[in-house]
Amino acid sequence: MCKVFGFIVAYGSLAIASRTASAVKECTLSTTVRLDACYDTTCDTIAGWAN
């Protein structure tokens with residue numbers, strides 16, 4: 001019984017860690033995309049001023 005409980009806890013922790021990692025990855029990815037877009041827009045704006 002104790003082994004089963006340990007397995008459930010370990011499996012649950014693993015699932016939570018995995019979900020957290022993928023959430024962090026998604027968040028990082030979307031932030032990066034957003035920063036890229038912002039950077040592109042800023043560059044275009046400055047290029048527009050330069051011309």
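Heads up: the structure comes first, above all this text.
Criteria and cut-off values
- Residues numbered from 1 in each chain as written.
- Predicted model: local features only at pLDDT ≥ 70, side-chain atom pairs only at ≥ 80, totals over all residues.
- Heavy atoms only, no water.
- Helix = DSSP H or I, 4+ residues; strand = E, 2+ residues; numbered from the N terminus.
- Rg over C-alpha atoms; globule rule 2.2 N^0.38 Å.
- Buried < 20%, exposed > 50% of the residue type's maximum accessible area, 1.4 Å probe, protein only.
- Areas by Shrake-Rupley, 256 points an atom, 1.4 Å probe, with all protein chains shown as cover.
- Lys, Arg positive; Asp, Glu negative; His and termini not counted.
- Charge placed at Lys NZ, Arg CZ, Asp CG, Glu CD.
- Patch = residues over 30% accessible without salt bridge, like charges linked within 9 Å, V, L, I, M, F, W, Y side chains within 5 Å.
- Salt bridge = Lys/Arg side-chain N within 4 Å of Asp/Glu carboxyl O.

1. Looking at the overall build of the protein chain
Looking only at helices and strands, the protein chain features one helix and zero strands. Compactness check: the protein chain gives a C-alpha radius of gyration of 22 Å against a globular reference of 10 Å for 51 residues, more than 25% above the reference. Its C-alpha atoms give the protein chain principal-axis dimensions of roughly 75 × 5 × 5 Å. Looking at the protein chain residue by residue over its 51 residues, the buried ones come to 0%. Accessible surface computed for the protein chain: about 4700 Å², of which carbon and sulfur atoms make up 71%. Counting 4 positive and 4 negative side-chain charges, the protein chain places the centres of these two groups 26 Å from one another.

2. Regarding a nonpolar patch on the surface
A contiguous nonpolar patch, built from Val4, Phe7, Ile8 and Tyr11 and spanning about 470 Å² of accessible area, is present on the exposed surface. Looking at the element boundaries, Val4 is found in helix α1 (residues 2–50).

That is the geometry; function is a separate question.
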